[in-house]
Amino acid sequence: MSKRRSGRAAVTGIGVVAPNGLTTDAYWKSVSEGLGVLDLITREGCDHLPLRVAGEVRSFDPAALVEDRFLVQTDRFSHFAMAAAALALDDAGLGGEPADPYSVGVVTAAGSGGGEFGQRELQKLWGQGSKFVGPYQSIAWFYAASTGQISIRGGLKGPCGVVASDEAGGLDSLAHAARAVGRGTDVMVVGAAEAPLAPYSMVCQLGYPELSTLDDPDRAYRPFTEKACGFVPAEGGALLVVEDEDRARERGVPVRGVVAGHAATFTGTSRWAESREGLAHAITGALDEAGVAPEEIDVVFADALGVPEADRAEALAIADALGAHGRRVPVTAPKTGFGRAYCGAPVLDTVAALLAMEHGLVPPTPNVFDVCHDLDLVTSHARPAELRTALVLSRGLMGSNAALVVRRGDDSAR
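Computed from a predicted model, the values in this text were never measured in an experiment.

### Some thoughts on the overall build of the protein chain
- Helix and strand counts for the protein chain come out as 13 helices and 15 strands.
- What you see for the protein chain is a C-alpha radius of gyration of 20 Å, in line with the 22 Å of a compact globule of 414 residues.
- Projected onto its principal axes, the C-alpha coordinates of the protein chain cover approximately 65 × 55 × 35 Å.
- Classification of the 414 residues of the protein chain by burial places 61% in the buried group.
- Pairs at least 24 residues apart make up 80% of the contacts formed inside the protein chain by residues separated by at least 6 positions.
- By element, 52% of the accessible surface of the protein chain is carried by carbon and sulfur atoms, the whole surface being about 15500 Å².

Written out as structure tokens, the structure reads:
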């Protein structure tokens with residue numbers, strides 16, 4: 001570990017593997033233009049299931065991005081995570097083996113784990129017998145696999161962990177990493193990636209009443225409208241490199257943003273009316289930790305579940321926590337264009353928030369026009385704006401709530 005410096009956690013690297021882009025630039029182009037890539041599911045073995053529309057990561061060749069020795073022992077969700085981690089480390093100028101392996105840690109969040117790998121091995125078990133089950137079945141399905149494989153692949157021996165707290169775990173993992181940096185760890189690789197579109201994983205999701213089963217990609221996921229009928233799932237996610245801000249500036253790399261404040265609460269499974277209070281408390285806690293007043297929030301990246309009761313609770317929570325400013329601040333939900341990637345969703349939102357501040361542009365909310373809540377929801381086209389501070393919100397289907405405040409890199413010391 002290095003000496004303690006500012007204690008502020010700066011984002012210096014971003015890696016994205018998403019349905020609307022396999023690089024950060026491609027992702028931002030799609031998000032800023034409000035492009036929709038939701039489509040009918042094409043994954044083999046899924047055509048008979050009632051879940052019809054999702055955000056698939058297509059044209060992703062894991063063999064071109066991950067070494068064979070890792071491919072054979074990992075699931076698709078870990079392939080996404082390893083690819084995104086490598087992109088983030090390269091973006092931060094930290095590719096290759098670290099000089100001090102104990103100075104770099106890894107933390108990820110995951111909800112669905114390695115369903116595709118697990119299903120394949122279970123089919124071998126029941127179809128051919130136990131001798132045909134591969135040895136990696138014991139680790140590839142596990143939600144902790146991505147942290148372990150990123151660590152092993154990169155020779156990263158600093159503090160490592162896995163956050164299991166619903167979809168909101170994506171934001172919780174960023175807070176975990178920021179606090180590790182505050183305690184003296186040089187660098188943390190952090191984020192989430194999911195692959196929930198294998199048949200077994202999809203069957204498990206069918207128990208969620210919040211899941212949209214419409215077969216029209218343009219109408220299946222429309223939060224904050226009278227036509228809201230649930231959310232559309234997606235695969236993919238993002239990994240970030242977080243390090244001490246002063247250390248980053250000493251290295252001469254751009255600070256893409258700062259993780260300024262976070263808070264989390266719990267209100268229970270599908271208790272969406274109660275999530276109003278829980279989310280409002282999380283927002284207030286994140287603002288307090290960041291030392292930011294409500295009127296300093298320049299944009300909100302909404303959780304946007306697409307369930308009428310949940311959407312209403314979120315709109316009210318924003319108003320409760322931000323006061324009158326909550327009805328004026330621009331709100332957006334880019335994920336309506338590519339789907340809700342469970343734990344990966346709020347990390348992708350955080351990436352969008354960082355890029356929005358870099359480019360001075362609030363991205364639109366695709367496929368949403370007739371807003372029926374008291375929100376300034378940005379729709380149709382991106383909105384130019386001076387953005388210094390962003391608020392990212394997330395709620396999990398099991399009841400977790402989280403809020404994260406991120407600040408623009410050149411404003412971090414203010």
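That covers the picture; the talk isn't over yet.
### Re the environment of A168
- Note that A168 resides in the loop between β5 (160–163) and α8 (169–182).
- Among the residues examined, A168 registers a relative accessible area of 0% and is labelled buried.
- When the C-alpha positions of A168 and A402 are compared, they lie 5.6 Å apart, and in sequence the two are 234 residues distant.
- Beyond its immediate chain neighbours, meaning those up to four positions away, A168 contacts S394, R395, G396, S400, N401 and A402.

### A look at the packing of helix α4 (residues 76–91) against helix α7 (residues 145–154)
- Viewed as axis vectors pointing N to C, α4 and α7 meet at an angle of 45 degrees, and their least axial separation amounts to 9 Å. Between α4 and α7, the angle is such that the two are oblique. For α4 against α7, the interelement crossing comes out right-handed. Along the contact surface, α4 presents F77, S78, A81, M82, A83, A85 and A86, while α7 presents A145, S146, Q149, I150 and R153.

### A few points about the nonpolar core
- Residues I283, I297, V300, L322, L391 and L393 are the most contacted members of the largest nonpolar core, which totals 48 residues.
- Elements supplying a minimum of two residues to this core: β3 (53–54), α11 (272–290), α12 (308–322), β14 (389–395) and β15 (400–407).
- Counting residues per element, this core draws most heavily on α11, which supplies eight residues.
- Setting aside residues up to four positions removed in sequence, L322 forms contacts with I283, L287, P294, I297, V300 and V329.
- Listed in part, the 46 residues of the second largest apolar core include V11, V16, A168 and A178.

### Describing the packing of α8 against helix α13 (residues 344–359)
- In the contact formed by α8 and α13, the axes pass within 6 Å of each other and the chain directions differ by 60 degrees. In this structure, α8 uses G170, L171 and L174 to contact α13, whose residues at the interface are P346, V347 and T350.
- Grouping the amino acids of the contact of α8 with α13 by side-chain chemistry returns four nonpolar, two polar and no charged.

### Focus: unusual backbone geometry
- One non-glycine residue with positive phi stands out, namely A304, at about 55 degrees.
- With respect to the secondary-structure elements, A304 resides in the loop between β9 (299–301) and α12.
- Relative accessible area serves as the criterion here: at 0%, A304 is assigned to the buried category.

### Here we look at α13
- End to end, α13 covers 22 Å across 16 residues, agreeing with the expected 22 Å (1.5 Å per residue, within 8%).
- The element α13 is extensively covered by neighbouring structure, given that 14 of its 16 residues are classed as buried.
- Directly beyond the C-terminal end of α13, a positive phi value near 65 degrees is found at G360.

### What about the pairing of strand β6 (residues 187–194)?
- Among the eight residues that make up β6, eight are buried, leaving the element largely enclosed by the rest of the structure.
- Of the two faces of β6, the one lined by V187, V189, G191 and A193 and the one lined by M188, V190, A192 and E194 are each fully buried.
- One ladder, built from six bridges, connects strand β4 (residues 104–109) with β6; its direction is parallel. What sits directly across from T108, in β6, is G191.
- Here eight bridges tie β6 to strand β7 (residues 236–244), and the two strands are oriented antiparallel to one another. Across the sheet, the residue bridging to V187 is E243, located in β7.

Rules of the game
- Residues numbered from 1 in each chain as written.
- Predicted model: local features only at pLDDT ≥ 70, side-chain atom pairs only at ≥ 80, totals over all residues.
- Heavy atoms only, no water.
- Helix = DSSP H or I, 4+ residues; strand = E, 2+ residues; numbered from the N terminus.
- Rg over C-alpha atoms; globule rule 2.2 N^0.38 Å.
- Buried < 20%, exposed > 50% of the residue type's maximum accessible area, 1.4 Å probe, protein only.
- Contact = heavy atoms within 4.5 Å.
- Areas by Shrake-Rupley, 256 points an atom, 1.4 Å probe, with all protein chains shown as cover.
- Axes fitted to C-alpha atoms, helices over the stretch in contact; angles between N-to-C directions.
- Parallel < 35°, antiparallel > 145°, perpendicular 65-115°, else oblique.
- Left-handed = near helix turned anticlockwise from the far one by under 90°.
- Core = buried A, V, L, I, M, F, W, Y, C linked by side-chain atoms within 4.5 Å.
- Nonpolar A, V, L, I, M, F, W, Y, C, P; charged D, E, K, R; others polar.
- Expected span 1.5 Å × (residues − 1).
- Pairing = 2+ DSSP bridges.

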